[in-house]
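Report on the structure
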Amino acid sequence: AEYVARKYNDAQKYQNGLINLNLPALIPLEDPINTSNIVAVEMWKLQLKKYDMRQTTKREMNQGKVFSLILGQCSQTICDRIESSTTCKVINDT
């Protein structure tokens, strides 16, 4: 868990996730305060789009790296057990 937090960008969530076996939910941006200001609403929409893309892309990239790193530390027997489990098949299908 410490290696992951040091090695990967914005991966402190994964350090906690590995310990707790649960990743925290992504926190969305707050709605604009003044919805009558069209410019402010449009700027918020752009920020939201960038935020969503950045957060989900980072999470997906880090998730793949962390998963590969963890599997790389497992023995072949453990990897075979993981790959043969029904949970792994469900995860791979999604």
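See above for the structure.
Residues numbered from 1 in each chain as written. Predicted model: local features only at pLDDT ≥ 70, side-chain atom pairs only at ≥ 80, totals over all residues. Heavy atoms only, no water.

For the protein chain, the count of helices and strands is 5 helices and 0 strands. Each helix and strand of the protein chain, ordered N terminal to C terminal, gives the series α-α-α-α-α. Residues classed as buried in the protein chain amount to 16% of the 94 residues present. If you take every contact in the protein chain between residues at least 6 apart in sequence, the share linking residues at least 24 apart comes to 46%. Accessible surface for the protein chain amounts to roughly 7,700 Å². Of this, 57% is attributable to carbon and sulfur atoms. (Helix = DSSP H or I, 4+ residues; strand = E, 2+ residues; numbered from the N terminus. Buried < 20%, exposed > 50% of the residue type's maximum accessible area, 1.4 Å probe, protein only. Contact = heavy atoms within 4.5 Å. Areas by Shrake-Rupley, 256 points an atom, 1.4 Å probe, with all protein chains shown as cover.)

Turning to helix α3 (residues 38-73), a few remarks are in order. The first and last C-alpha atoms of α3 sit 52 Å apart over 36 residues, in line with the 52 Å expected at 1.5 Å per residue. All of the buried residues in α3 are V41, W44, Y51, Q55, R59, N62 and V66. The N-cap residue of α3 is N37: its side-chain oxygen and the backbone nitrogen of V39 are 3.1 Å apart. (Expected span 1.5 Å × (residues − 1). Polar contact = N/O pair within 3.5 Å; in protein donor to acceptor, adjacent residues only side chain to side chain.)

Take the state of the cysteines next. Counted by the stated rule, this structure contains 0 disulfides. Free cysteine: C74, not disulfide-bonded; nearest cysteine sulfur from C79 at 4.9 Å. Here C74 falls in the partly exposed class, since its relative accessible area comes to 25%. Classification of C79 by relative accessible area gives buried; the value is 12%. (Disulfide = S-S within 2.5 Å.)

Nothing here speaks to function; it is all geometry.
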